[in-house]
Amino acid sequence: MGTVQIVTTVVAAIVTAVAVVLAGRAVWQFVSIIRLGKADPHRTGDPATRAKVMLSETLGHTRMLKWSVVGAAHWFVMVAFIVLSILVLEAYFEVVDAGGGIPVIGGWLLYGLVTELISILGMAGIGVLIGIRLANRPTRAGGRSRFTGSTMWQGYFVEAVVLAVLICGFLIRGFRVATDHFDFPVWATPVSHALGAVLPASESAISITALIKILISMTWLIVIALTLTMGVAWHRFAAFFNIYFKRDPGRPNSGLGALRPMMSDGKPLDFEEADPESDQFGVAQVEQFSWKGLLDFTTCTECGRCQSQCPAWNTGKPLSPKLLVLSLRDHAYAKAPYLLAGGGKDLTGEEKGTAEQLAKVDALALAEADRPLIGGADDGGVIDPDVLWSCTTCGACVEQCPVDIEHVDHIVDMRRYQVLIESSFPSEAGVMLRNLENKGNPWGAPPNTREDWTKGLDFAVPRVGEVDDFEYLFWVGCAGAFEDRAKKTTRAVATLLHEAGVDFAILGEGETCTGDPARRIGNEFVFQMLAQQNVETLNETFGDREPAKRKIVATCPHCFNTLGNEYGQLGGHFDVVHHTQLLAHLVAAGKLTPVTPVDGGLTYHDPCYLGRHNRVFSPPREVLGAALTAGAEAGGDAAQLREMPRNSERSFCCGAGGARMWMEERIGKRVNVDRVEEALSTGAQTIAVGCPFCYTMLGDGVTGKQSSGAAGENVEVVDVATVLLRSVKPAVASSASPSPSSSAASASAEE
């Protein structure tokens, strides 16, 4: 061992020791802070499925690859990072001995080939990621960047470290080639041999470059160990755990669909026995999130994919899912010294820590502890109320997050405290909540008018109790019963089911709101009141039928989601389908035959709670495709659905979800207008929807565009069921009776 090797070995050992100690301390701090969160006992079941999903999403990059270019580049960088760990280990042998290497595998040809290939692809991948970051920098002209609000220097630092370590690896190999300390052939390691041909033969250069490689790597480790909120670096480790502990790994849309029930001490809150002074009602302090919530905040990569897809952010609202998570993360870690010292507020707002415990707590941590979780700038709030109430719960953030952060659950948990304890929410939503409590529907319509939509049909709509048996319970929903546009859909569906010979029945006045708007706004009490009433009614309706035969068809995706995914939390287990799913089945079975052309082109808007939340993408398109095919066969327009740029899992929200239907939209551009402009850009005259809220929002948007002359008078918004009814109407008329009344009845179903 020469002088150079002695010096490089000592320096490498000292720096590594410092880095390892700091990294160990950082991990301990992470564990301590995350353990401050509340219990969440439902995160460890089915370990085999959890492990499988975690490996598929990390090693397989199944979520990242939805964005093909950046996903592929990130996969190569991830693999290169793993390989870098091995090559950094090899550098410790090289600082001691220029000809040293990893024992056993270090001389394998496969090792040399794989590390060379991965290093080349890793450099290409990191180059792509740097290019994407530069092209989307927040300061660029035009548009909102997904990196707005991200700590850019951290991203550049991490990318520069990866690139520098890869370059050092090739330089070391080049010097080894030049000094004849390299055993791999040219065909397996072409870049290394090319560098070796131009680099000088110097054993000292090998050890010095290896030391530089170690210093760069350990500098990275020291920097991230001293910066616990550096998610762009720490997600490399935290993501494995965050994905493993996702809410429901067996569902492709874990974190969507059902909301988590309101929890207190790790158990669902029982409102019959709940006490605000001893039970947690939502989240008022950051430490009241579950430990998984704190892990979510820790894991955020600051990539901004959630931000780029958020309808609120894209229409000038203050909400960015990324910035919300980063605010909660920074607040949690700044407040942590106070909490770890024993500080904190009990449920009555009293300080739990003693003066002695808090005496040594840093003043900044004490100041952070005094900040309200929800509050405006004047109050020093962590999350502004306008941020909290801008969310439509569309789930685009959860859908796009590569590390499975559950943004919607966290937002609703904060809303729950604001609504139930503080009574602080947009005033106009109070009317909706009072209507739900007093009338059982958000419009405040008289309950005895729930069946008025049946008037004028030329067949009797069966009621539960009037018929002995039925296959499907038709859940009409509040919109379908009371809102004029939605009633057109209800009548169309009933007509189609009748003509297809489906045995169905309705509850009529026995229905009440499923409670979706109450739950999404945060009023869990009203939700449970309505839901328990409905569960009792439905269980009585279906009697002793097994769950698979407790069939419900719903036209509203919000009802569909609540009945199918959330009523199970209260003992109601049903087989729920959306009307487009049932209609697609009936068309495929030949019970409904589209024959009339769809003129003027057709596009389809995916409702958030049908598509993203419940993965129902194909059935509506199958129904529309059948109508379009019939049109082409009859000599109409080409049988092709004109998809909007943002469709399926990336569909853009209409703006009505999350109880936003009953709140004024005062900030930025209206979400429904943005979506209507996208629909109009397809040139289609018919905009098909599968949700009564979407029907209203897009219908209003089209009306506004027509009044300003930006849309033709022939553009219309209709439900998928109406499109199908128009297409099958000749067959319906001929199969019923040739009398005028039959045609009139079919027409009335569209009104």
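Residues numbered from 1 in each chain as written. Predicted model: local features only at pLDDT ≥ 70, side-chain atom pairs only at ≥ 80, totals over all residues. Heavy atoms only, no water.

This next bit is on unusual backbone geometry. Phi is positive for T393, close to 55°, though the residue is something other than glycine. Along the chain, T393 falls in the loop between α15 (385–389) and α16 (396–400). The phi dihedral of A659 falls on the positive side, at around 65°, and the residue is not glycine. For A659, the location among the structural elements is in the loop between α25 (618–633) and α26 (671–680). (Helix = DSSP H or I, 4+ residues; strand = E, 2+ residues; numbered from the N terminus.)

On to the packing of helix α12 (residues 321–340) against helix α17 (residues 407–420). Contact geometry for α12 and α17: axes closest at 11 Å, N-to-C directions at 65°. Taken together, the axes of α12 and α17 are roughly perpendicular relative to one another. Considering only the axes of α12 and α17, their crossing is left-handed. Packed against α12, whose contacting residues are P321, L324, V325 and L328, the element α17 presents H407, I411 and M414 at the interface. For the contact of α12 with α17, the per-class residue count stands at six nonpolar, one polar and no charged. (Axes fitted to C-alpha atoms, helices over the stretch in contact; angles between N-to-C directions. Parallel < 35°, antiparallel > 145°, perpendicular 65-115°, else oblique. Left-handed = near helix turned anticlockwise from the far one by under 90°. Contact = heavy atoms within 4.5 Å. Nonpolar A, V, L, I, M, F, W, Y, C, P; charged D, E, K, R; others polar.)

In this section: the pairing of strand β3 (residues 472–475). Covered by surrounding structure in β3 are Y472 and F474 together with L473 and W475, the residues of both alternating faces. Where β3 meets strand β4 (residues 504–505), two bridges bridge the pair, whose relative direction is parallel. Among the inter-strand pairings, L473 is bridged to a residue of β4, identified as A505. Summarising the sheet, β3 and strand β5 (residues 551–554) pair through four bridges and their orientation is parallel. Bridge pairing in β5 links W475 to A554. (Buried < 20%, exposed > 50% of the residue type's maximum accessible area, 1.4 Å probe, protein only. Pairing = 2+ DSSP bridges.)

With that settled, consider a nonpolar patch on the surface. Taken together, V104, W108, L109, L110, L113, V114 and W187 make up a surface patch of nonpolar side chains, about 730 Å² in accessible area. Here W187 falls in the exposed class, since its relative accessible area comes to 58%. (Patch = residues over 30% accessible without salt bridge, like charges linked within 9 Å, V, L, I, M, F, W, Y side chains within 5 Å. Areas by Shrake-Rupley, 256 points an atom, 1.4 Å probe, with all protein chains shown as cover. Salt bridge = Lys/Arg side-chain N within 4 Å of Asp/Glu carboxyl O.)

Below, the discussion takes up the sheet that holds β3. Strand pairing in a sheet is mediated by backbone hydrogen bonds. Such pairs are either parallel or antiparallel. Pairing is parallel in the open sheet, where four strands are placed in the order β4-β3-β5-β6. Pairing within the sheet leaves two strands with one partner each, and these edge strands are β4 and β6 (575–578). Each of β3, β5 and β6 touches helix α23 (residues 557–566); the most contacted strand, β6, lies at about 165° to it.

Every second residue of strand β8 (residues 686–689) is oriented toward a common face, with T686 and A688 on one face and I687 and V689 on the other, all of them buried. The sheet contact formed by strand β7 (residues 602–604) and β8 spans three bridges and is parallel. When the sheet's bridge partners are listed, L602 is paired in β8 with T686. Handedness of the β-α-β unit built from β8, helix α27 (residues 692–708) and strand β9 (residues 716–719) comes out right-handed. (Right-handed = clockwise from strand over helix to strand, strands pointing away.)

This paragraph deals with the nonpolar core. Residues M414 and L538 are the most contacted members of the largest nonpolar core, which totals 176 residues. Element by element, the count of residues in this core is highest for helix α7 (residues 203–225), at ten residues. Listed in part, the eleven residues of the second largest apolar core include V79, V83, L87 and F184. (Core = buried A, V, L, I, M, F, W, Y, C linked by side-chain atoms within 4.5 Å.)

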